[in-house]
4 protein chains.
Amino acid sequence: MAARDNRGRLLISCPDRLGIVAAIGQFLSAHGANIAESAQYSTEPQGGDFFMRIEFELDDLAQKENTLCEDFGQLAKEYGMRWRYAPARAKKRMAIFVSRELHCLQELLWDWQDGLLDADVKMVVSNHPDARPLVESLGIPFHHVPVTADTKAQAEQRQLELLAEGIDVIVLARYMQILSPSFLERFPQRIINIHHSFLPAFIGRNPYQRAYDRGVKLIGATAHYVTEELDEGPIIEQDVTRVDHRFDASDLRIAGRQVERAVLSRAVKWHLEDKVIVHGNKTIVFA
Amino acid sequence: MAARDNRGRLLISCPDRLGIVAAIGQFLSAHGANIAESAQYSTEPQGGDFFMRIEFELDDLAQKENTLCEDFGQLAKEYGMRWRYAPARAKKRMAIFVSRELHCLQELLWDWQDGLLDADVKMVVSNHPDARPLVESLGIPFHHVPVTADTKAQAEQRQLELLAEGIDVIVLARYMQILSPSFLERFPQRIINIHHSFLPAFIGRNPYQRAYDRGVKLIGATAHYVTEELDEGPIIEQDVTRVDHRFDASDLRIAGRQVERAVLSRAVKWHLEDKVIVHGNKTIVFA
Amino acid sequence: MAARDNRGRLLISCPDRLGIVAAIGQFLSAHGANIAESAQYSTEPQGGDFFMRIEFELDDLAQKENTLCEDFGQLAKEYGMRWRYAPARAKKRMAIFVSRELHCLQELLWDWQDGLLDADVKMVVSNHPDARPLVESLGIPFHHVPVTADTKAQAEQRQLELLAEGIDVIVLARYMQILSPSFLERFPQRIINIHHSFLPAFIGRNPYQRAYDRGVKLIGATAHYVTEELDEGPIIEQDVTRVDHRFDASDLRIAGRQVERAVLSRAVKWHLEDKVIVHGNKTIVFA
Amino acid sequence: MAARDNRGRLLISCPDRLGIVAAIGQFLSAHGANIAESAQYSTEPQGGDFFMRIEFELDDLAQKENTLCEDFGQLAKEYGMRWRYAPARAKKRMAIFVSRELHCLQELLWDWQDGLLDADVKMVVSNHPDARPLVESLGIPFHHVPVTADTKAQAEQRQLELLAEGIDVIVLARYMQILSPSFLERFPQRIINIHHSFLPAFIGRNPYQRAYDRGVKLIGATAHYVTEELDEGPIIEQDVTRVDHRFDASDLRIAGRQVERAVLSRAVKWHLEDKVIVHGNKTIVFA
């Protein structure tokens, strides 16, 4: 990948109408920005919803982006756009929540080290101390915030204080506590969870045991944005792996880990690269 | 594949105990049969259930198999075996039930022509006339048995008469009528259905519409033996295919067809080759 | 899929420069065309090659498209574009060449009947008579043009006469004759072949036997545009399927058929929907 | 997985003949061993090669296995068997060789920590110092053995000294030096390499660059036993992942890493669980 200091991204959604692509294209070329990659999709031939993702190059982007955004705000108003600008050079500030199963955390940290995940990992938060050595060995702050039924509210308070330094995205990498609605509403479409089944199959607890009981031939995992409805948020990515009659529930769990970590890593990657637009309870993924 | 006139298959399940493999092996070699391929699996190291599938070669099998089976019955009694003998040369007599969507029927007939499915296709039965030209062009008898809410009992009666010529396996290749318990109990573990979702997700009606509404990223299909509990029978095979936000419910349906036909064809193939043992509500597949 | 009488497609490639997307967008909106779906890709942030595919809706497209194309020709000249306009309503006129293995032909015809392949199948040409019944049963003209070492030139002459009625795309669905350079140059980037291996593995003859000899664990197939260099043309699509030690060369061949037909069908579908742009010896596929 | 102190494994290959399964079964039951899982395969119905893998349970296995093996040696002689006995409790002593790319090493160590790889990791050997922190943080001895064109012989000498403590299997986890024939012959069928292409495609150097140049749509990896013929040894496992026109050679390399690590991990797992039998230049994998 080339240096990306001058690379900007625009994510746009609005009611479809004639001339949107032209208007955006004109806007960008008038500002001297060259479109490097773009993808666009409308739900209907006419009168539907319009979604677009653009990557552009603009010399001295850092100096120009304030003006660019102000100006784009005008255009956006005209077309009724919801939009988001993200410079590629600004890594998203990421917090990872984890409980005792560390495979998803490990994959994220590893892919991050490997350059696959373009984030600034600010902290790992856990209700157990298990992940501390791994996390601190990489120079990442680790916060142990125990949670019990009684202390849940205080624990969330503590978590919010930690996150107050400015966090763009929270990844629940097998974090086994349910976050309260008031917590969630502070991070709309910015909390990604990995569920250890091919949703909506085996929604809820113990999916592997239930998969075992049902005798399925594939095991899956689902990465989704977290909403108040447990396991019902917009799906970002899913995948499966083949199993057979020799797998007991524990073997399914082990096989499932490989899918969980791959699926979560892909979903986080796409989120970090601003490739996901939430539309109602679904996602548009310009992968 | 070589000529298989002398190839026999044994499928065996029984409580596990010491010496079963030896006893079976001895039995076969004492009868002059050479084991060409075998697979065996026990649910527990000790005291579980034992499952075995054997393919053997025996000269002049046709003349010897009656004796062989009688003798094996003795052994089976001793070990409390449920077992099944099937000579590879004896193609299973198959009936296919279909409604108006013909893609699964077409795949089965095609794979059958292609030599992939080792069956004797005796008839196709449908509650609609649509499949007639296709079926009769291949020289296979086609029976149109309309079904309405009022005539369901008579229709099943008619179907049973047709099947009375001796049918080993019924494949529901997108047959959209629910068969009655009394019908089902005549063909235990011998009716294979294709369900157009990755069960247990989207159990019941309209899985593609519901998959669309949920915004899933994979579409699946499930082949299973039919039991009285709708969509709950033992799963033989499942698979999925990738979809994205651009697919509407109708696109999902089209994409799903490719998975349905592949999954059903594999499940039927394994059944025809005696590779499936039902164990409770699951299957052991020695694929 | 909605009716697509007013749906047009543009495929564009040119040297990248500022303002191309704007210019195209402006052009289309000035002509009243609404962009329904678009994808764009540049090889380099700046100074590379620019590729774009657009689907647009325009009322009364049929009456307006001549003017539209003339006008677009002006724009194209300005930007040095190679471009192609294709109205979605105009099915491509397709000829299929086949020899004795019919599985790929069958898949194409079937997917075509199923509405998956949006083509006008004008004829099937074969050097063997085997496919005649299948082809004619669907009301498609079948031409038997035998080919021997001695008669190859005349055979190609005969084929060209048949194709002279106006053919947009030729699909070699397991056609086992090598076409001459002079034949090929009449259909640049319009002849699609299926090769029965994961190219560049097992380039040339007898890939399944050689795959067997090498003991591979996956079998593949490759769909590519045909060029003078045998098996070296731009790859459109590839896929694989898992095999194991129990497969002999003939089993590999059978397993491979499933991949061949799926891969060829996808490649043809993308070509028919104008989703493929050839760039040197590679393809850009806006799938 | 249950405790496996009493679990033994037998891998057997010999010329096929009547009664082998019976003889082995009898032998085991006579010794009180219960067969928990077995798989068997013959290359031909008669007169071919016979391969079998058995897992059995035997109380007090550790005390009995010497006698068991002695006795089995008698049987083996009678039938001309090549065979191997491995108690499941005896983890194989593994050495990992690596150069500068650490992703395969990391996956192996991680899967090992995770309980997926049932080995005793004795050491990591590298011609570069990069892996030292990772390896030593896990308490595994790390040996830096630099290799240059001039010092190659001494380097191998040093490696052999290190390995002299008794190593059962060597994994080349992206070790970029070619081992000499005299080194290789000390570890026949016990050195596993990961090659970063879908062999035999892109045999040799720089497979990703060449895959990029060819414009392939899938990237693969191959795990194989190392023989004197570079990249020509018996293949244990292969897999692929999908790529598209947007991937440059460096993106292919990154995408390929995910396949490399998964393929190598599976191959090593199967080797450790005695699921692989080498037969000529191929493998029988009883996965």
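As the structure is a computational prediction, the values presented were derived from the model and not from experiment. (Residues numbered from 1 in each chain as written. Chains lettered and ligands numbered in written order. Predicted model: local features only at pLDDT ≥ 70, side-chain atom pairs only at ≥ 80, totals over all residues. Heavy atoms only, no water.)

Thoughts on the relation of the copies chain C and chain D
At step 1: Laying chain C over chain D is done by rotating through 180 degrees and shifting 0.0 Å along the axis; what remains is an RMSD of 0.0 Å. When the rotation and shift are considered jointly, the pair of chain copies conforms to a two-fold rotation axis. In terms of proximity to the rotation axis, the leading residue of chain C is Ala201(C), whose C-alpha is 2.1 Å off the axis.
At step 2: Comparing contact sets, 100% of the residues at the interface of chain C also lie at the interface in chain D, consistent with an isologous, same-surface contact. (Least-squares fit on C-alpha atoms with pLDDT ≥ 70 in both. Contact = heavy atoms within 4.5 Å.)

Looking at the sheet that holds strand 3 (residues 49–57) of chain D
The strands making up a sheet associate through backbone hydrogen bonding, with each pair oriented either parallel or antiparallel.
At step 1: Here we have eight strands laid out as an open sheet, ordered 4(B)-1(B)-3(B)-2(B)-2(D)-3(D)-1(D)-4(D), and antiparallel in their pairing. Whereas interior strands pair on both sides, the edge strands pair on one side only; in this sheet they are strand 4 (82–87) of chain B together with strand 4 (82–87) of chain D. Sheet twist, expressed as the mean angle between neighbouring strand axes with direction ignored, is 15 degrees.
At step 2: The sheet contact formed by strand 2 (residues 34–42) of chain D and strand 3 of chain D spans eight bridges and is antiparallel. (Pairing = 2+ DSSP bridges. Helix = DSSP H or I, 4+ residues; strand = E, 2+ residues; numbered from the N terminus. Axes fitted to C-alpha atoms, helices over the stretch in contact; angles between N-to-C directions.)

Topic: the relation of the copies chain A and chain B
At step 1: For the pair chain A and chain B, the superposition axis carries a translation of 0.0 Å, the fit reaches an RMSD of 0.0 Å, and the rotation angle comes to 180 degrees.
At step 2: Comparing contact sets, 100% of the residues at the interface of chain A also lie at the interface in chain B, consistent with an isologous, same-surface contact.

Quick look at the environment of Ser137(D)
Residue and element names in this part refer to chain D.
At step 1: Tracing the sequence through the fold places Ser137 in helix 4 (residues 132–137).
At step 2: Sequence-wise, Ser137 and Arg84 are 53 residues apart; in three dimensions their C-alpha atoms are separated by 35 Å.
At step 3: For Ser137, the side chain forms a polar contact with the main-chain oxygen of Leu134, separated by 2.8 Å. (Polar contact = N/O pair within 3.5 Å; in protein donor to acceptor, adjacent residues only side chain to side chain.)

Focus on the pattern of salt bridges
At step 1: The tally for this structure, following the rule as stated, stands at 124 salt bridges over all chains.
At step 2: For Glu65(D), the salt bridge is made with Arg89(D), and the minimal N-O distance between the two is 2.5 Å. Taken as a pair, Glu65(D) in helix 2 (residues 61–79) and Arg89(D) in the loop between strand 4 and strand 5 (92–98) lie far apart in primary sequence, 24 residues in all.
At step 3: Through salt bridges that share partners, Arg7(A), Arg9(A), Arg53(A), Glu55(A), Glu57(A), Arg84(A), Lys92(A) and Asp274(A) make up one connected network. (Salt bridge = Lys/Arg side-chain N within 4 Å of Asp/Glu carboxyl O.)

Description of the interface of chain A and chain B
At step 1: Each side of the interface is counted separately: chain A has 32 residues, and chain B has 32 residues.
At step 2: Between chain A and chain B the total buried area reaches about 2,700 Å² when both faces are included, carbon and sulfur atoms providing 56% of it.
At step 3: Three residues, Arg214(A), Lys217(A) and His245(A), lead the burial of chain A against chain B; their summed loss comes to 27% of the area buried on that side.
At step 4: For the interface between chain A and chain B, the tally reads six salt bridges. (Buried area = accessible area lost by both parts, 1.4 Å probe.)

Some thoughts on the UniProt feature "domain: ACT" (unreviewed entry) in chain A
At step 1: Per the UniProt record, the feature "domain: ACT" (unreviewed entry) sits at residues 9–86 of chain A.
At step 2: Along residues 9–86 of chain A, the helical share is 38% and the strand share 38%, with 5 Å between the first and last C-alpha atoms. (UniProt positions renumbered as here; feature names shortened; annotations may be inferred.)

Side note on the domain arrangement of chain A
Often, the extent of an interface is quoted as the loss of accessible area upon association of its parts.
Residue and element names in this part refer to chain A.
At step 1: According to the domain assignment, chain A consists of domain 1 (7–87) and domain 2 (92–285).
At step 2: Considering only the surface of domain 1 that becomes buried against domain 2, Arg9, Phe51 and Arg53 emerge as the three largest contributors, covering 44% of it.
At step 3: One salt bridge connects Arg84 with Asp274, and the closest N-O pair in it is separated by 3.6 Å.
At step 4: For the pair domain 1 and domain 2, the interface holds five residue pairs in polar contact (both at pLDDT 80 or more).
At step 5: Those elements that provide at least two residues to the side of domain 1 that touches domain 2 are strand 1 (7–15), strand 3 (49–57) and strand 4 (82–87).
At step 6: A per-class count over the side of domain 1 that touches domain 2 returns six nonpolar, two polar and five charged. (Domains from an automatic or database assignment. Nonpolar A, V, L, I, M, F, W, Y, C, P; charged D, E, K, R; others polar.)

Observations regarding the interface of chain C and chain D
At step 1: Residue-level contacts link 32 residues of chain C with 32 residues of chain D.
At step 2: Carbon and sulfur atoms supply 56% of the area that chain C and chain D bury against each other, a total of about 2,700 Å² over both sides.
At step 3: Interface area lost by chain C to chain D is led by Arg214(C), Lys217(C) and His245(C), which between them contribute 27%.
At step 4: Seen at the junction of chain C and chain D, the total is six salt bridges.
At step 5: Note that Glu237(D) is salt-bridged to Arg242(C), the shortest N-O span being 3.0 Å.
At step 6: For the pair chain C and chain D, the number of links is 20 residue pairs in polar contact (both at pLDDT 80 or more).

Overview of the UniProt feature "active site" (unreviewed entry) in chain A
At step 1: Sequence positions flagged by UniProt for "active site" (unreviewed entry) are, in local numbering, Asp231(A).
At step 2: By the secondary structure assignment, Asp231(A) is in the loop between strand 10 (218–225) and strand 11 (235–242).
At step 3: Judged by its relative accessible area of 7%, Asp231(A) falls in the buried class.
At step 4: Not counting chain neighbours up to four residues away, the residues in contact with Asp231(A) comprise His195(A), Leu199(A), Ile203(A), Gly204(A), His224(A) and Arg214(B).
At step 5: Separated by 3.2 Å, the side chains of Asp231(A) and His195(A) make a polar contact. (Buried < 20%, exposed > 50% of the residue type's maximum accessible area, 1.4 Å probe, protein only.)

Focus: the environment of Ala211(A)
At step 1: Looking at the secondary structure, you find Ala211(A) in helix 7 (residues 207–214).
At step 2: Not counting chain neighbours up to four residues away, the residues in contact with Ala211(A) comprise Phe202(A), Val216(A), Ile219(A) and Leu252(A).

Concerning the pairing of strand 5 (residues 92–98) of chain B
Residues and elements named next belong to chain B.
At step 1: Burial runs high along strand 5: six of the seven residues are buried.
At step 2: Here seven bridges tie strand 5 to strand 6 (residues 119–126), and the two strands are oriented parallel to one another. Bridged to Ile96 within strand 6 is Val124.
At step 3: Inspection of the sheet shows strand 5 paired to strand 8 (residues 169–172) by four bridges, in the parallel sense.

Describing the side chain of Asp111(B)
At step 1: Turning to its location among the elements, Asp111(B) is positioned in helix 3 (residues 103–113).
At step 2: Classification of Asp111(B) by relative accessible area gives buried; the value is 0%.
At step 3: Among all residues touching Asp111(B), those that are not within four sequence positions of it are Leu116(B), Leu117(B), Ser265(B), Gln258(C) and Arg261(C).

A word on the sheet that holds strand 5 (residues 92–98) of chain A
Residues and elements named next belong to chain A.
At step 1: In space, the seven strands of this open sheet follow the order 7-6-5-8-9-10-11, with mixed pairing throughout. Since the sheet does not close on itself, it has two edges, and those belong to strand 7 (142–144) and strand 11, each with one partner. When strand polarity is set aside, the average angle formed by the axes of neighbouring strands in this sheet is 20 degrees.
At step 2: Relative to the sheet, helix 8 (residues 249–272) contacts strand 5, strand 6 (119–126), strand 8 (169–172), strand 9 (191–195), strand 10 and strand 11, its axis offset from that of strand 11 by approximately 150 degrees.

Quick notes on the packing of aromatic side chains
At step 1: Enumeration over the complete set of coordinates arrives at 32 aromatic pairs over all chains.
At step 2: Here the aromatic rings of Phe97(A) and Phe183(A) are separated by 6.3 Å at their centres, their planes lie at 65 degrees, and the arrangement is edge-to-face. Taken as a pair, Phe97(A) in strand 5 and Phe183(A) in helix 6 (residues 181–184) lie far apart in primary sequence, 86 residues in all. Like Phe97(A), the residue Phe183(A) is buried in the burial classification.
At step 3: For the ring pair Phe198(C) and Phe198(D), a centre distance of 4.8 Å and an interplane angle of 80 degrees mean the geometry is edge-to-face. With one member in each of two chains, Phe198(C) in the loop between strand 9 (191–195) and helix 7 (207–214) and Phe198(D) in the loop between strand 9 (191–195) and helix 7 (207–214) form a pair that bridges those chains. (Phe/Tyr/Trp six-rings, centres within 6.5 Å; stacked < 30°, edge-to-face > 60°.)

Here we look at the pairing of strand 10 of chain A
All names here are of chain A.
At step 1: Within strand 10, eight of the eight residues are buried, which leaves it mostly tucked inside the rest of the structure.
At step 2: Residues of strand 10 alternate between two faces, with Leu218, Gly220, Thr222 and His224 on one and Ile219, Ala221, Ala223 and Tyr225 on the opposite face, all of them buried.
At step 3: One ladder, built from four bridges, connects strand 9 with strand 10; its direction is antiparallel. Residue pairing for strand 10: His195 is matched across the bridge by Thr222.
At step 4: Both strand 10 and strand 11 contribute to a ladder of seven bridges, which runs antiparallel. Pairing of Leu218 across the sheet is with Arg242, part of strand 11.

A word on the packing of helix 7 (residues 207–214) of chain B against helix 8 (residues 249–272) of chain B
Residues and elements named next belong to chain B.
At step 1: In the contact formed by helix 7 and helix 8, the axes pass within 9 Å of each other and the chain directions differ by 120 degrees. On the basis of their axis angle, the class for helix 7 and helix 8 is oblique. By crossing handedness, the relation of helix 7 to helix 8 is classed as right-handed. Listed contacts from helix 8 to Tyr208, Gln209, Ala211 and Tyr212 of helix 7 are Ala249, Leu252, Arg253, Gly256, Arg257 and Glu260.
At step 2: Here the residues of the contact of helix 7 with helix 8 are counted per class, giving five nonpolar, two polar and three charged. (Parallel < 35°, antiparallel > 145°, perpendicular 65-115°, else oblique. Left-handed = near helix turned anticlockwise from the far one by under 90°.)

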